[in-house]
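Analysis of the macromolecular model
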Amino acid sequence: MRGLSFLSRCQARLALASNSKSNHIYSRLNLITCVNKINANWQQGRFYCRMHTISSAQAAYRSQGGVLSSENLKVRTFSSHDDDECGKNKLLKHIYSRIKGGGPITVADYMREVLTNPQSGYYMHKDVFGTEGDFITSPEISQMFGEMIGVWIVNEWMNHYQDQFLQIVELGPGRGTLADDMLRVFSQFPTIKDKISLHLVEVSPVLSNIQAAKLSVPGEDVSSIEEDNGIGDKGPYKKCTSKYGQDIYWYQSLTDVPKGLSCFIAHEFLDALPIHKFQKTEKGWRELLVDIDQQDDMSEKLRLVLSPCDTAASIAYLKPSLSATEERDHIEISPGSALIVQNIVKRIKESGGFSLIADYGHDGDKTDTFRAFKNHQLHDPLIDPGTADLTADVDFSYLKKFTDLQVDVFGPITQEKYLINMGIGYRLQALLQKAKQEHWASLISGYKMLTSPDQMGERFKFMSITSKSKNNYIPAGFVDLNFGNESES
């Protein structure tokens with residue numbers, strides 16, 4: 001433990017920062033003010049410490065999930081399936097019917113059916129998160145993750161939009177854990193507490209109910225509403241008041257969220273959006289499609305096949321994005337992710353604001369990352385559709401192509417760098433100093449899961465899109481100040 005010596009070094013850095021006129025250094029002063037605030041309030045009993053009970057093995061699956069060799073995926077063209085289960089899997093029957101009626105479908109169409117089919121989609125009818133689900137997200141591992149995101153929002157609002165009302169828009173909020181941690185941080189700052197509203201984009205009825213139960217005032221009747229603003233866009237389908245006093249609204253789509261000054265948060269959201277897969281062959285680039293393989297014993301299995309010629313997706317999405325220097329022989333493209341980024345950019349240019357996109361991904365160097373998770377283990381994505389999470393790494397280099405010179409883009413940087421720059425080490429020290437000794441191992445384990453390069457620290461990336469700055473401002477987390485770096489002694 002580094003204890004007070006670590007805190008002293010943080011104070012020394014602050015002293016150095018105070019002598020600088022750099023705008024990005026100035027933003028760190030607000031940042032540390034925020035971290036100090038939550039630490040002080042916690043010590044006064046107004047800030048709780050949430051202990052996680054997640055083992056390293058349960059969390060490690062996510063960091064290892066992308067370490068699939070391209071050789072393994074390329075030779076796995078056909079998928080096995082237990083025919084006894086076929087009769088039980090209504091979604092599989094539906095997919096078979098689509099293929100038999102119209103031919104092979106794109107991987108994007110397959111993902112869309114598997115994840116969000118209204119009757120049998122993976123996300124639509126159950127809680128898929130946590131130790132009892134199929135995967136664990138960073139907010140579930142430690143409260144420190146959500147606190148750092150909350151501090152980031154407060155810092156950026158203080159530097160650019162203080163006293164203005166701000167919409168916090170979270171895409172795919174899971175169980176609502178990240179939103180809850182952020183709202184708790186905001187409640188410690190009177191200047192922003194009553195200046196925000198929370199807008200959650202969630203298509204799953206089950207998950208929206210779980211989010212409402214976590215975020216609303218205990219015992220409050222969460223209202224379901226039907227609203228149309230008269231211009232084609234739908235309004236919120238649910239609303240309530242948070243236990244911290246802010247209004248919360250739920251929407252089916254980002255396009256339904258009202259325009260206005262906003263902070264957009266997309267944490268582990270884009271990885272679940274449908275992708276198109278393309279393979280380079282001797283005949284040029286071909287799209288991979290999902291088809292049925294008729295076996296000798298008359299059983300049927302799903303498989304991936306190559307399209308015989310250009311497809312609509314290869315013409316519309318692949319060819320415009322290919323560069324002359326492209327060295328990969330396999331590319332995954334998510335048009336839905338591009339549309340989300342375009343929408344965020346458009347809204348930021350029109351109304352101001354900032355955004356944070358955090359997901360496991362790469363900067364244009366990975367190839368075949370399409371995979372599934374079931375019970376915290378890698379799972380063949382073509383087996384028993386609807387029973388496992390489908391995902392693919394986010395290509396941040398592709399997303400950047402859908403921004404423009406009227407906004408600023410920062411990153412991607414690793415989760416380790418972002419969290420350390422945000423002062424997570426500083427926050428850990430404050431929690432350890434106040435927590436009971438039997439809780440130390442849990443706090444330290446959560447910190448390591450989030451920041452260690454061999455767990456989540458390297459695999460997960462952060463990117464920010466902000467309004468155009470006139471003074472070379474760099475947002476908190478993206479300036480390498482190494483607060484709380486474990487390498488320090």
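Residues numbered from 1 in each chain as written. Predicted model: local features only at pLDDT ≥ 70, side-chain atom pairs only at ≥ 80, totals over all residues. Heavy atoms only, no water.

1. What to know about the overall build of the protein
We apply this condition: Where helices and strands are cited, they refer to DSSP runs of H or I of at least four residues and of E of at least two residues respectively, numbered from the N terminus. Each residue is placed in one exposure class: buried if its accessible area under a 1.4 Å probe, protein chains only, is under 20% of its type's maximum, exposed if it is over 50%, and partly exposed if it falls in between. Pairs of residues are marked as contacts when any of their non-hydrogen atoms sit within 4.5 Å. Only the protein chains shown count as cover for residues, with accessible areas throughout obtained via the Shrake-Rupley method and a probe of 1.4 Å.
Tallying secondary structure elements over the protein gives 18 helices and 18 strands in all. In the protein, which comprises 489 residues, the proportion classed as buried is 58%. Sequence separation of 24 or more characterises 77% of the internal contacts of the protein that already satisfy a separation of 6 or more. In the structure as shown, the protein presents an accessible area of about 20,400 Å², 51% of it carried by carbon and sulfur atoms.

2. Here we look at helix α9 (residues 143–160)
Inclusion rule: Under the convention used throughout, the expected extent of a helix is 1.5 Å for every residue step, that is, one less than its residue count. Distance and chemistry together define a polar contact, namely a pair of N or O atoms within 3.5 Å, with one atom able to donate a hydrogen and the other to accept it when in protein, and with adjacent residues in sequence counting only for side-chain atoms on both sides.
Its 18 residues place the ends of α9 26 Å apart at the C-alpha level, agreeing with the 26 Å of an ideal helix rising 1.5 Å per residue. α9 sits mainly inside the fold: 16 of its 18 residues count as buried. Between the side-chain oxygen of the N-cap and the backbone nitrogen of M144 there are 3.1 Å, and the N-cap of α9 in question is S142.

3. Let's talk about unusual backbone geometry
Residue G411 is joined to P412 through a cis peptide bond whose omega torsion reads 10°. Positive phi, normally seen in glycine, also occurs at D163, with a value near 80°. Topologically, D163 is positioned in the loop between α9 and β2 (166–171). We classify D163 as exposed; its relative accessible area is 54%.

4. Looking at the environment of A272
Relative to the elements of secondary structure, A272 occurs in the loop between β7 (262–267) and β8 (276–281). Along the backbone, A272 and M111 are 161 residues apart, and their C-alpha atoms lie at a distance of 8.3 Å.

5. Some details on the packing of aromatic side chains
The condition that has to hold: A pair of aromatic rings is counted whenever rings of Phe, Tyr or Trp (Trp by its six-membered ring) have centres within 6.5 Å, and the orientation is called stacked for planes under 30 degrees apart, edge-to-face for over 60 and tilted otherwise.
Here the structure, examined in full by the defined rule, presents 8 aromatic pairs. Judged by centre distance (5.0 Å) and plane angle (70°), the rings of Y398 and F402 are edge-to-face. On the accessibility criterion, Y398 (7% relative accessible area) is buried. Arranged with centres 4.3 Å apart and planes meeting at 10°, the rings of Y418 and F462 form a pair that is stacked. With Y418 in helix α16 (residues 415–421) and F462 in strand β18 (residues 460–467), the pair connects residues that are 44 residues apart, well separated along the chain. For the pair shown, Y418 and F462 are each scored as buried.

6. Quick word on the nonpolar core
Worth spelling out the cut-off: To define a nonpolar core, start from buried Ala, Val, Leu, Ile, Met, Phe, Trp, Tyr and Cys residues and group those joined through side-chain atoms within 4.5 Å.
Ranked by size, the top nonpolar core spans 57 residues in total, and within it I149, I153 and Y418 carry the most contacts. Looking at which element gives the most residues to this core, the answer is α9, with 9 residues. Leave out the neighbours within four places in its chain, and I149 touches L178, M182, I265, L356, Y418 and F462. Grouped together as the second largest cluster of nonpolar side chains are 31 residues, I340, V341, I344 and I357 included.

7. A short note on the sheet that holds strand β13 (residues 371–374)
The strands making up a sheet associate through backbone hydrogen bonding, with each pair oriented either parallel or antiparallel. Condition: Two strands are said to pair when DSSP picks up at least two bridges between them. Angles shown run from 0 to 180 degrees and are taken between the N-to-C directions of axes, each axis being a line fitted to C-alpha atoms and, for helices, limited to the stretch in contact.
Ordered in space as β14-β13-β15, the 3 strands form an open sheet in which the pairing is antiparallel. Looking at strand neighbours, the two that pair on one side only are β14 (377–379) and β15 (389–391), the edges of this open sheet. Pairs of neighbouring strands in the sheet enclose a mean axial angle of 40°, with direction left out of account. Here β13 runs beside β14; their pairing, made up of 3 bridges, is antiparallel. Looking at the pairing, K374 lines up with Q377 of β14.

8. Focus on helix α14 (residues 335–351)
Helix length check: α14 (17 residues) gives 24 Å between terminal C-alpha atoms against 24 Å at 1.5 Å per residue, within 8%. For α14, the complete set of buried residues consists of P335, S337, A338, I340, V341, N343, I344, V345, R347 and I348. At the exit of α14 stands G352, carrying a positive phi of roughly 85°.

9. A closer look at the confidence of the model for the protein
Worth spelling out the cut-off: One confidence number per residue, pLDDT, is output by the predictor and ranges from 0 to 100.
Taken residue by residue, the protein gives an average pLDDT of 81. The fraction at 70 or more is 75%. Throughout residues 42–48 the model reports pLDDT below 50, and contacts reaching past four residues in sequence, or to other chains, amount to 22 contacts. Predicted confidence for residues 483–489 stays below pLDDT 50, and this span has 25 contacts to residues more than four positions away or in other chains.

10. Quick look at the side chain of D393
Mapped onto the secondary structure, D393 falls in the loop between β15 and β16 (394–395). By relative accessible area, which is 6% here, D393 ends up buried. Every residue in contact with D393, bar those within four places of it in the chain, is listed here: Y360, G361, H362, K366, T369, R371 and R459.

11. So, the pairing of strand β6 (residues 247–251)
Relative to β6, strand β3 (residues 196–201) runs parallel, the two sharing 4 bridges. For V201, the partnering residue across the bridge sits in β6 and is Y251. Bridge count for strand β5 (residues 238–241) against β6 is 4 bridges, and the pairing is antiparallel. Opposite K238, over in β6, you have W250 as the bridge partner.

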